[in-house]
Amino acid sequence: MTPPDAPFEEPWQAQLFALTVALNEAGHFDWSEWTDIFGPRVRHAEAETYWQVWSEALVALLERKGIAGAEEIAALAARWQAAARATPHGRPITLDAGGAHD
């Protein structure tokens, strides 16, 4: 698998990249830890896109480091998606817009 021609085809890809960099800069992991997880995954990926592999690698690294588990990440993603659906066009999305949660 080769990286895409353009660095980002969708906004979520740029956000995913920025999140990864921010987590690294905050000291949650170093780049060698990142490449140990991402490298083998991207080399062996077949049908998945580059950024799907990136996302899966970041989830795996967050789990390995005890920062967040896959279920916790999925629940947070669902809350953001619900908030996005509940937010009028042109307004900033906040988690409060998604309705009740713990």
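Caption draft 1: Focus on the overall build of the protein. For the protein, the count of helices and strands is 4 helices and 0 strands. Mapped from its N terminus to its C terminus, the protein presents α and β elements in the order α-α-α-α. Each of the 102 residues in the protein was classed as buried or not, and the buried ones make up 25%. If you take every contact in the protein between residues at least 6 apart in sequence, the share linking residues at least 24 apart comes to 44%. As displayed, the protein offers around 7,000 Å² of accessible surface, 55% of which is attributable to carbon and sulfur atoms.

Caption draft 2: Geometry of a nonpolar patch on the surface. A contiguous nonpolar patch, built from L76, W80 and I93 and spanning about 270 Å² of accessible area, is present on the exposed surface. Note that I93 resides in the segment after helix 4 (70-86).

Caption draft 3: Representation of the packing of aromatic side chains within the structure. Counted according to the given criterion, the structure contains 12 aromatic pairs. Aromatic side chains W34 and W54 sit 4.9 Å apart centroid to centroid with 50 degrees between the ring planes, which places their arrangement in the tilted category. Highlighted residues: W34 in helix 2 (residues 31-44) and W54 in helix 3 (residues 50-64), separated in sequence by 20 residues. Exposure class is identical for W34 and W54. Each is buried. Between Y50 and W54, the aromatic rings sit 6.2 Å apart at their centres with planes inclined by 50 degrees, giving tilted as the arrangement. One end of the pair, Y50, and the other, W54, are both in helix 3, 4 residues apart, so they sit about a helical turn from each other. Across the pair, exposure class does not vary: Y50 and W54 are buried alike. Ring pairs connect the aromatic residues F8, F17, F29, W31, W34, F38, Y50, W51 and W54, which therefore count as one cluster.

Cut-offs applied
Residues numbered from 1 in each chain as written. Predicted model: local features only at pLDDT ≥ 70, side-chain atom pairs only at ≥ 80, totals over all residues. Heavy atoms only, no water. Helix = DSSP H or I, 4+ residues; strand = E, 2+ residues; numbered from the N terminus. Buried < 20%, exposed > 50% of the residue type's maximum accessible area, 1.4 Å probe, protein only. Contact = heavy atoms within 4.5 Å. Areas by Shrake-Rupley, 256 points an atom, 1.4 Å probe, with all protein chains shown as cover. Patch = residues over 30% accessible without salt bridge, like charges linked within 9 Å, V, L, I, M, F, W, Y side chains within 5 Å. Salt bridge = Lys/Arg side-chain N within 4 Å of Asp/Glu carboxyl O. Phe/Tyr/Trp six-rings, centres within 6.5 Å; stacked < 30°, edge-to-face > 60°.

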